[in-house]
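As a plain string of letters, each chain reads:
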Amino acid sequence: MKRLWNVINDLDAKKDVKAKMFLFLLAVVHMAAGAALWFILGRVIFPGIEWLICFTGYPAVFAGLLGGIIYLYRHEFA
């Protein structure tokens, strides 16, 4: 998370735009990781589009969005 924030923080934008971009990209990264895990394991063990949605949605919301919000609250950024 810190590496992603450092890349976004170097951009020339307002703080709220940086925070929104950080949360969006973090959710997308976690969504992609969940999708990759489903493509590796889930197609055999958990077949079906419903499982793909679960494998992508839960990490995006909990690890990506909520984790990113907690990260931004715990750190003070200029």
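As shown above, the structure is provided for reference.
Residues numbered from 1 in each chain as written. Predicted model: local features only at pLDDT ≥ 70, side-chain atom pairs only at ≥ 80, totals over all residues. Heavy atoms only, no water.

1. Quick word on the packing of helix α2 (residues 15–45) against helix α3 (residues 49–74)
Then comes step 1: It is the contact of α2 with α3, at a shortest axis distance of 7 Å, that shows an interaxial angle of 145 degrees. The crossing of α2 and α3 is right-handed.
Then comes step 2: Tallied by class, residues from the contact of α2 with α3 come to 19 nonpolar, five polar and no charged. (Axes fitted to C-alpha atoms, helices over the stretch in contact; angles between N-to-C directions. Helix = DSSP H or I, 4+ residues; strand = E, 2+ residues; numbered from the N terminus. Left-handed = near helix turned anticlockwise from the far one by under 90°. Nonpolar A, V, L, I, M, F, W, Y, C, P; charged D, E, K, R; others polar.)

2. Here's the deal with the packing of helix α1 (residues 2–9) against α2
Then comes step 1: At a minimum axis distance of 10 Å, the contact between α1 and α2 shows a crossing angle of 140 degrees. Looking at the two axes, α1 sits oblique to α2. Where α1 crosses over α2, the handedness of that crossing is right-handed. Touching Leu4, Trp5, Ile8 and Asn9 of α1 are Lys18, Ala19, Met21, Phe22, Leu25 and Leu26, all from α2.
Then comes step 2: Across the contact of α1 with α2, the residue classes tally to eight nonpolar, one polar and one charged. (Parallel < 35°, antiparallel > 145°, perpendicular 65-115°, else oblique. Contact = heavy atoms within 4.5 Å.)

3. Examining a nonpolar patch on the surface
Then comes step 1: Residues Leu37, Ile40, Leu41, Val44, Ile45, Phe46 and Trp51 make up a contiguous nonpolar surface patch of roughly 710 Å² in combined accessible area.
Then comes step 2: It is α2 that contributes the most residues to the nonpolar patch, five residues altogether.
Then comes step 3: Residue placement: Phe46 occurs in the loop between α2 and α3. (Patch = residues over 30% accessible without salt bridge, like charges linked within 9 Å, V, L, I, M, F, W, Y side chains within 5 Å. Areas by Shrake-Rupley, 256 points an atom, 1.4 Å probe, with all protein chains shown as cover. Salt bridge = Lys/Arg side-chain N within 4 Å of Asp/Glu carboxyl O.)

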